[in-house]
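What follows is the residue order along each chain.
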Amino acid sequence: MPQINVRITEEQLLWLSSQVKPFRNKSAVIRDLIDSMIQGVDADAKLSAYHVGAGRPQGNSRPLTGTQPSPEQPLGVAGALQIQQSLPQPTTVDSVPAQETEDEKNTINVKNQKKARKTRAKATKGSPEFEAFWKRYQACQHLVQSQPKGAALEQWKQIVPDEVSADDLMRAIEAADKESQRRSTPDWEQRLPMCSKWLKDGYYCTYLEEKQPQERKPSWML
């Protein structure tokens, strides 16, 4: 087998020594490098990269057969692409941004709240007469704070029109409001109760009692 003498730098010698393994000396490493170039594994690799006095191998080079590439040995473009293609590719999952998910939840909650309010409003929607009475009752100057409309509507249905008419209740609440204002003082208020209680307990009856005029005696009896 022909022999040649090659002059290399200290840095090249260190790299060459790092490739030496049992049953694979420096000559074998050099032969493998030459064979890899001859076989044309990388078309853009040039044998001139290894001339006397050259530094580290430049350009693309393939890992030696049956060995792992040294950290100092570049893989080259073709080698890097081959290794990358051999690795399992991660599955891409389109993730929904957290802010977008939170905004969507808020939108759903707002819609549900509006729907619930509409349902409650529909459940407490009474006749035009009741709505007019309810509006007038809430306009009274002195009221207790709690005023559930649903309970008032239930009491209204139980007494109107069988026991009392809507017009009579309107007259009664007008009178009750005036009396409450008249009796209240800066230090004390005569507040009307909840509308449902006012209807259930018959507070309105007090203001519907017709006061009979006193019978006047004839002048000849005086």
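Refer to the structure presented above.
A quick note: this is a predicted structure, and the numbers were derived from the prediction, not measured.

Caption draft 1: Spatial organisation of the environment of cysteine 140. Mapped onto the secondary structure, cysteine 140 falls in the loop between helix 5 (128-138) and helix 6 (149-159). Measuring from C-alpha to C-alpha, the distance between cysteine 140 and isoleucine 173 comes to 8.4 Å, with 33 residues separating the pair along the chain. Beyond its immediate sequence surroundings of up to four residues, cysteine 140 is in contact with Ile173, Asp177 and Leu192.

Caption draft 2: Broad picture of the packing of aromatic side chains. Going through the model one piece at a time under the given rule, you end up with seven aromatic pairs. Taken together, a centroid distance of 5.3 Å and an interplanar angle of 35° make the contact between phenylalanine 133 and tryptophan 156 tilted. On the criterion of sequence distance, the pair formed by phenylalanine 133 in helix 5 and tryptophan 156 in helix 6 is long-range, its members being 23 residues apart. Residue class for phenylalanine 133 comes out buried when judged on its relative accessible area of 0%. Members of the aromatic cluster, joined through ring pairs, are Phe130, Phe133, Trp134, Tyr137, Trp156, Trp198 and Tyr204.

Caption draft 3: Looking closely at the pattern of salt bridges. Tallied over the full model, the rule gives eight salt bridges. For arginine 136, the salt bridge identified is with glutamate 174, shortest N-O distance 2.9 Å. With a gap of 38 residues between them, arginine 136 in helix 5 and glutamate 174 in helix 7 (residues 166-183) connect regions that are remote in the sequence. Judged by relative accessible area, glutamate 174 falls into the partly exposed class, the value being 31%. The closest approach of N and O atoms between glutamate 179 and arginine 183, which form a salt bridge, is 3.0 Å. Residue glutamate 179 and its partner arginine 183 are located together in helix 7, separated by four residues, close to a single helical turn. Where salt bridges share partners, they join Arg136, Glu174 and Asp177 into one cluster.

Caption draft 4: Spotlight on helix 7. In this model, helix 7 (18 residues) spans 26 Å end to end at C-alpha, consistent with the 26 Å of a helix rising 1.5 Å per residue. Among the residues of helix 7, those classed as buried are Ala166, Leu169, Ala172, Ile173, Ala176, Asp177, Glu179 and Ser180. Buried residues of helix 7, viewed axially, fall in a sector of 165°; they line one side. For helix 7, the exposed residues set more than 90 degrees away from the buried face come down to Asp167, Lys178 and Arg182. Residues of helix 7 that are buried make contact with helix 5, helix 6 and helix 8 (195-200).

Caption draft 5: Main features of unusual backbone geometry. Note the cis peptide between valine 160 and proline 161, where omega equals 0°. Along the chain, proline 161 falls in the loop between helix 6 and helix 7.

How each quantity is defined
Residues numbered from 1 in each chain as written. Predicted model: local features only at pLDDT ≥ 70, side-chain atom pairs only at ≥ 80, totals over all residues. Heavy atoms only, no water. Helix = DSSP H or I, 4+ residues; strand = E, 2+ residues; numbered from the N terminus. Contact = heavy atoms within 4.5 Å. Phe/Tyr/Trp six-rings, centres within 6.5 Å; stacked < 30°, edge-to-face > 60°. Buried < 20%, exposed > 50% of the residue type's maximum accessible area, 1.4 Å probe, protein only. Salt bridge = Lys/Arg side-chain N within 4 Å of Asp/Glu carboxyl O. Expected span 1.5 Å × (residues − 1). Arc of directions from axis to C-beta.

So yeah, pure geometry; function would need other evidence.
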